[in-house]
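For reference, the chains in residue letters:
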Amino acid sequence: MLKLLSIRNFVIVEQMELEFLSGFTVLTGETGAGKSILIDALSLALGERGDSSQVCQGHDRAEISALFDITALPDLAEWLTEHDLQGDPDACLMRRVLDANGRSRAFINGHTATLQQLRAAGEYLVSIHSQHAHQALLQKEAQRDLLDAFAGCCTHAQTVKTAYQDWQAIQRQRIACEQQLSEFREKREQLEWQQRELSELNFIADEWSTLQADHNRLSHLASLIEATETGVHQLSEHETAALSQINTVKSQLQNMLAYDHQLQAVVDLLESAQIQVQESIYELRHYRQQLDLDPQYLQEVDQRMTAIHGMARKYRVTPEELPDLLEKLNTQIAVLDSGGNLEKLAEQENAAQKKYRKLAEKLRAKRLKSAKELAHAVTDSMQAMAMAGGRFFVTLDLLEQGSAHGLEQVEFQVAAHKGLPLRPLAKVASGGELSRISLAIQVITSQTGTVPTLVFDEVDVGIGGHVAEIVGQLLKRLGSTRQVMCITHLPQVAATGDHHWQVAKSTQSDSQQILSQITVLNKQERVDEIARMLGGVKITEATRKHAAEMLQNNQSESN
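Residues numbered from 1 in each chain as written. Predicted model: local features only at pLDDT ≥ 70, side-chain atom pairs only at ≥ 80, totals over all residues. Heavy atoms only, no water.

## With respect to the overall build of the protein chain
When its secondary structure is counted, the protein chain shows 19 helices and 15 strands. In terms of its C-alpha atoms, the protein chain occupies a principal-axis envelope of roughly 140 × 80 × 40 Å. Here the protein chain, with 559 residues, has 43% of them falling under the buried criterion. A sequence separation of at least 24 residues applies to 70% of the contacts in the protein chain between residues at least 6 apart. As displayed, the protein chain offers around 30300 Å² of accessible surface, 49% of which is attributable to carbon and sulfur atoms. Side chains of the protein chain carry 54 positive and 73 negative charges; the gap between the two charge centres is 12 Å. (Helix = DSSP H or I, 4+ residues; strand = E, 2+ residues; numbered from the N terminus. Buried < 20%, exposed > 50% of the residue type's maximum accessible area, 1.4 Å probe, protein only. Contact = heavy atoms within 4.5 Å. Areas by Shrake-Rupley, 256 points an atom, 1.4 Å probe, with all protein chains shown as cover. Lys, Arg positive; Asp, Glu negative; His and termini not counted. Charge placed at Lys NZ, Arg CZ, Asp CG, Glu CD.)

## Looking at the state of the cysteines
Scanning the entire structure with this criterion turns up 0 disulfides. Cysteine 154 takes part in no disulfide bond, and the closest cysteine sulfur to it belongs to cysteine 153, at a distance of 6.3 Å. Classification of cysteine 154 by relative accessible area gives partly exposed; the value is 44%. (Disulfide = S-S within 2.5 Å.)

## Points about the nonpolar core
Of all hydrophobic cores here, the largest spans 45 residues; its most connected members are Leu5, Ile7, Leu42, Phe68, Met94 and Ile108. Broken down by element, the residue count for this core peaks at 7 residues, all from helix 1 (residues 35-45). If we skip the residues at most four places from it in the chain, leucine 42 touches Leu2, Leu5, Ala66, Phe68, Val126 and Val455. Met385, Ala440, Leu475 and Ile530 belong to the second-largest nonpolar core, a separate cluster that totals 28 residues. (Core = buried A, V, L, I, M, F, W, Y, C linked by side-chain atoms within 4.5 Å.)

## Re the packing of helix 7 (residues 188-201) against helix 12 (residues 297-315)
Between helix 7 and helix 12, the shortest axis-to-axis distance is 11 Å and the interhelical angle comes to 160 degrees. Comparing the axis directions of helix 7 and helix 12 gives the class roughly antiparallel. The crossing of helix 7 and helix 12 is left-handed. In contact with Trp193, Gln194, Glu197, Leu198 and Leu201 of helix 7, helix 12 contributes Arg304, Ala307, Ile308, Met311, Lys314 and Tyr315. (Axes fitted to C-alpha atoms, helices over the stretch in contact; angles between N-to-C directions. Parallel < 35°, antiparallel > 145°, perpendicular 65-115°, else oblique. Left-handed = near helix turned anticlockwise from the far one by under 90°.)

## Examining the environment of serine 370
Along the chain, serine 370 turns up in helix 14 (residues 340-384). Distance in space between the C-alpha atoms of serine 370 and glycine 389 is 22 Å, their sequence separation being 19 residues. In this view, serine 370 contacts Leu147, Phe150 and Ala151; residues no more than four positions away in its chain are not counted.

## Brief notes about the sheet that holds strand 2 (residues 13-19)
Within the open sheet, the 6 strands sit side by side as 2-1-4-5-6-7. Their pairing is antiparallel. Edge positions in the sheet fall to strand 2 and strand 7 (111-113), since each has one partner strand and no second. Taking each pair of neighbouring strands and ignoring which way they run, the sheet shows an average axis angle of 15 degrees. By the bridge criterion, 6 bridges tie strand 1 (residues 2-10) to strand 2 in an arrangement that is antiparallel. Following the sheet pairing, arginine 8 is matched in strand 2 by glutamine 15. Along the sheet, helix 1 makes contact with strand 1, strand 2, strand 4 (61-69) and strand 5 (91-99), crossing strand 1 at roughly 100 degrees. (Pairing = 2+ DSSP bridges.)

## Describing the sheet that holds strand 9 (residues 391-403)
The strand order across the open sheet built from 3 strands is 9-10-11, with neighbouring strands paired in antiparallel fashion. The outermost strands of the open sheet, each flanked by one partner alone, are strand 9 and strand 11 (423-424). For strand 9 and strand 10 (residues 406-415), the ladder comprises 9 bridges, and the chain directions are antiparallel. Across the sheet, residue aspartate 397 finds its bridge partner in strand 10, namely glutamine 409. Along the sheet, helix 5 (residues 140-151) contacts strand 9 and strand 10; its crossing angle with strand 10, the most-contacted strand, is approximately 100 degrees.

## What about the pairing of strand 1?
When strand 1 meets strand 4, the two strands line up antiparallel, connected through 6 bridges. Looking across to strand 4, one finds that leucine 5 is bridged to alanine 66. If you look at the hairpin formed by strand 1 and strand 2, you'll find 2 residues sitting between the two strands, and valine 11 has a positive phi there, around 55 degrees.

## Quick look at a negative patch on the surface
A grouping of Glu320, Glu321, Asp324 and Glu327 is seen on the molecular surface, where their side chains present a negatively charged patch. Within the fold, glutamate 327 resides in helix 13 (residues 322-338). (Patch = residues over 30% accessible without salt bridge, like charges linked within 9 Å, V, L, I, M, F, W, Y side chains within 5 Å. Salt bridge = Lys/Arg side-chain N within 4 Å of Asp/Glu carboxyl O.)

## A closer look at the packing of aromatic side chains
Going through the model one piece at a time under the given rule, you end up with 6 aromatic pairs. Judged by centre distance (4.8 Å) and plane angle (50 degrees), the rings of phenylalanine 20 and tryptophan 501 are tilted. With a gap of 481 residues between them, phenylalanine 20 in the loop between strand 2 and strand 3 (23-28) and tryptophan 501 in strand 14 (residues 499-507) connect regions that are remote in the sequence. Phenylalanine 20 gets classed as buried once you look at its relative accessible area, which sits at 4%. For tryptophan 501, a relative accessible area of 5% corresponds to the buried category. Of the aromatic side chains, those joined through ring pairs into one cluster are Tyr164, Trp167 and Tyr356. Residue placement shows arginine 95 over the ring face of phenylalanine 107; its charged tip is 4.7 Å from the ring centre. (Phe/Tyr/Trp six-rings, centres within 6.5 Å; stacked < 30°, edge-to-face > 60°. Lys NZ or Arg CZ within 6 Å of the ring centre and 35° of its normal.)

## Focus: the pattern of salt bridges
Under the criterion given, the structure shown has 21 salt bridges. For the salt bridge of lysine 369 with glutamate 373, the shortest nitrogen-to-oxygen distance reads 2.8 Å. With lysine 369 and glutamate 373 both in helix 14 and 4 residues apart, this pair spans about one turn of that helix. We classify lysine 369 as exposed; its relative accessible area is 55%. Put simply, aspartate 498 and lysine 476 hold a salt bridge, and the shortest N to O gap is 2.7 Å. On the criterion of sequence distance, the pair formed by aspartate 498 in the loop between helix 17 (491-494) and strand 14 and lysine 476 in helix 16 (residues 465-478) is long-range, its members being 22 residues apart. By relative accessible area, which is 15% here, lysine 476 ends up buried. One network of salt bridges, with partners in common, ties together Asp148, Arg364, Arg367 and Glu408.

## As for the side chain of arginine 532
Along the chain, the position of arginine 532 falls in helix 18 (residues 523-535). Residue classification places arginine 532 among the buried residues on the basis of a relative accessible area of 18%. In contact with arginine 532, not counting residues within four places along its chain, are Gly29, Glu30 and Ile539.

## Some remarks on helix 7
In this model, helix 7 (14 residues) spans 20 Å end to end at C-alpha, consistent with the 20 Å of a helix rising 1.5 Å per residue. Those residues of helix 7 lying buried are Leu191, Gln194, Glu197, Leu198 and Leu201. Projected down its long axis, helix 7 shows its buried positions confined to an angular sector of 135 degrees, all on one face. Of the exposed residues in helix 7, the ones pointing more than 90 degrees away from its buried face are Glu189 and Glu200. In the segment just after helix 7, asparagine 202 is the residue with positive phi, at about 50 degrees. (Expected span 1.5 Å × (residues − 1). Arc of directions from axis to C-beta.)

Set out below in structure tokens:
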């Protein structure tokens, strides 16, 4: 549960440290006092997007920190360990810094984190129900997600979605393969003719570089022969040949070694040079013999390169690309001949479809069971919310082919009063009725979840009187098993809280800046605040007495 929320320089909150308790906490205050800022700050710490306008005027940055006790959340502890975001045992610290230039930074237990990681961790910790939640409930997607949450099968629903996507992917492959085969059949004769022509060329990529090298060598054969013969002559056959001169110098210096041994290093170098020159002469003579081996080879190379160039121009590729073209043609013909890939894909598609159907049918069974339970619970709540005789129903209409979300389409239907037919929730005319039904659904589904902290942001808009008392009692009962917070304008709801916070605005005398602050109210202060909510600007003793009675009655009911 949420233990501490620290807010610095956020909107109209300069500095605020809030310690939270278990049970049901209500937040009240004048319109515009900044009640929703608390929710906005918590949402920012849980990964919601922010902008520079949320930084308090005159400050460089806003900073939000939220400390949670996660003793009862082993799944979150495991998730933190998997992502190397663990901190103190049984605690999770979420922190968000928002600069005035719009740059944002996020941290989990002191580790740098992404907004996606903040949101992922936040899903384990807090569920926020906004005052516009009833509008979201008009969407069938939201209705389906809410039913799955109530049924505890969100993970199963995701598995069904994955299975459906896998099935569809294989189906697309199979269709593409069929189309490919059809195209291949239409041009089979052309494919076979091209394959035969390229095969007869018997050309491989390595051959082209060899042909180019040979052609370059043979085209300059006369120059190569002349250079080779001149080299051999100058090195060994001329009267002043290099080899002869090296031998002469070496011999003379060897005779001088008797007088100075320092010449030995020079003699050694000359001996090495003699060996290298001798090897060069041998290699040149061998090279010269090869040049004379096949005088007709240049003509053969010319003919081979002409054939390859002609084939490359014909198919509009480079000579190096001809082997790849042949391989592509071989593959197309092999696919056309065997049809094995198509058969295999058809088998895989059938198996994937069966897997999807099996998972989707299990999901449907869970949804059908939970749909009845949810309908019964919401119908009961409607009776207590001044909708006597009203009914709530969840339809699961079968889809012919199924979808990524299962075999059915989920839709909430309601009859607001006795004798009225069931109609889609989206077509309920009365905003007040929609608000009451929406609140009943949110409270009931929250009871089945595992998120320890529930926040209701003015979800009681559009209700009042006896219904407001019922709503307060519902939230209070929910607070017996969860940490529940509710921003409210209704004194009936405020009177049911285990704890009461008041949000108020004040003006700084020095800067004339408007700031918001929160006060934890004692018993007498609660009476005054509820009296204000009952009586408006002028609070009378009768109003205070009524407020005190409301608090006393709720305390009696709790005991």
